[in-house]
Each structure stands twice: as structure tokens, then as C-alpha cells.
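# A structural walkthrough
Listed below, chain by chain, are the residues.
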Amino acid sequence: MSPRRNRPKDSGSAGQSAEDDRPGRYGGWQSTQNWDGEEWNVRHVAGSSAQGKAYRCPGCDQMIPDGVPHVVAWPEHAGVDDRRHWHKACWNAKDRRTTRVQRSRNAPKF
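A quick note: this is a predicted structure, and the numbers were derived from the prediction, not measured. (Residues numbered from 1 in each chain as written. Predicted model: local features only at pLDDT ≥ 70, side-chain atom pairs only at ≥ 80, totals over all residues. Heavy atoms only, no water.)

### Things to note about the overall build of the protein chain
Helix and strand counts for the protein chain come out as 1 helix and 6 strands. Helices and strands appear in the protein chain in the N-to-C order β-β-β-β-β-β-α. Counting over 110 residues, the protein chain shows a buried share of 27%. Nonlocal contacts in the protein chain, meaning residues at least 24 apart in sequence, comprise 46% of its contacts between residues at least 6 apart. Carbon and sulfur atoms make up 46% of the accessible area of the protein chain, which amounts to about 8400 Å² in all. (Helix = DSSP H or I, 4+ residues; strand = E, 2+ residues; numbered from the N terminus. Buried < 20%, exposed > 50% of the residue type's maximum accessible area, 1.4 Å probe, protein only. Contact = heavy atoms within 4.5 Å. Areas by Shrake-Rupley, 256 points an atom, 1.4 Å probe, with all protein chains shown as cover.)

Structure follows, in C-alpha cells:
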């Protein structure tokens, strides 16, 4: 017996856009927001719909455990591979956050 496939054999993410995904699939609502001069699709994922997988938030670089409500955001004209899962607070604070430079202990602090 062969292992179960999660996707049909002929479907790939290359020709598939994120808009093809059903908006109500994850139990949340979807909107469009402007950020950095670009339109972003933002989908709010309910906690009950976020089962089975943990994601890393690009805003705080911490894990979003499964079952926690969060936000999925991607540029409007991007594919499925460009979707990112954010904590709701991190997405709301994205304009106030700066990139955090990772330094070793002995690196100069200037």
C-alpha cells in the first residue's frame, strides 16, 4: 500500500494563484489592505480551522502553534507559495516593526 497523497498528482503551485483558494475554507474572512505601496490579500484564520500545522511568523520570528487564530497575508498578484502566516498582533504592528539584526555575542554593537 502506498502512502496517501495530500494533493492530486497533476496539481502544482506553479500555475495556481492564491485567489483560486476558497475564501471561506479556513473559517475566517478575507480583505485587501495596502502595505508598502502594494495591495495585500489578508485572510483571518479562525483557531478551529488552524489545525494540523505550526507556522513561523515573519513579524516576530516565533512559532504559531496549530489551533491558534492568525492571519494569512500575500501580495495580490502572487501565488500560493508567497502566502505568510502572521500573528494578528504582528500583522497589525508591521509598520512599527524593524528588522532585527542577529549578532553573535562577540560582535560589535554599533
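### Some points on the side chain of Lys94
Along the polypeptide, Lys94 turns up in the segment after helix H1 (88-92). For the buried Lys94, no salt bridge exists, and the shortest N-O distance to an oppositely charged side chain is 4.8 Å, to Asp95. Within the local environment of Lys94, its side chain forms a polar contact with the backbone oxygen of Trp91, the two atoms lying 3.1 Å apart. Ignoring sequence-local partners within four residues, the contact set of Lys94 consists of Gln33, Trp35 and Trp86. (Lys, Arg positive; Asp, Glu negative; His and termini not counted. Salt bridge = Lys/Arg side-chain N within 4 Å of Asp/Glu carboxyl O. Polar contact = N/O pair within 3.5 Å; in protein donor to acceptor, adjacent residues only side chain to side chain.)

### Remarks on the side chain of His70
Inspection of the secondary structure assignment puts His70 in strand S5 (residues 70-75). Residue classification places His70 among the buried residues on the basis of a relative accessible area of 2%. At 2.9 Å, the side chain of His70 and the side chain of His85 are in polar contact.

### Remarks on the pattern of salt bridges
Evaluation of the coordinates by the stated rule reveals 1 salt bridge. A salt bridge links Arg56 to Asp61, with the nearest nitrogen and oxygen atoms 3.9 Å apart. On the basis of relative accessibility, which here comes to 46%, the residue Asp61 falls in the partly exposed class.

### Side note on a negative patch on the surface
The grouping of Asp36, Glu38, Glu39 and Asp95 at the surface amounts to a negative patch. Summarising the element assignment, Asp36 is placed in the loop between strand S1 (30-35) and strand S2 (38-45). (Patch = residues over 30% accessible without salt bridge, like charges linked within 9 Å, V, L, I, M, F, W, Y side chains within 5 Å. Charge placed at Lys NZ, Arg CZ, Asp CG, Glu CD.)

### Some remarks on the pairing of S2
A regular strand carries its side chains on alternate faces of the sheet. Along S2, 6 of the 8 residues are buried, which leaves the element largely enclosed by surrounding structure. Bridge count for S1 against S2 is 6 bridges, and the pairing is antiparallel. What sits directly across from Gln33, in S2, is Trp40. (Pairing = 2+ DSSP bridges.)

### Some points on the sheet that holds strand S6 (residues 84-86)
As summarised here, the arrangement of the 4 strands in space is S1-S2-S5-S6, forming an open sheet in which the pairing is antiparallel. Two strands bound the open sheet, and with one partner strand each, they are S1 and S6. Within the sheet, the average angular offset between the axes of one strand and its neighbour, ignoring direction, is 35 degrees. With 3 bridges connecting them, S5 and S6 associate as antiparallel partners. Within S6, the residue paired with Ala73 across the bridge is Arg84. (Axes fitted to C-alpha atoms, helices over the stretch in contact; angles between N-to-C directions.)

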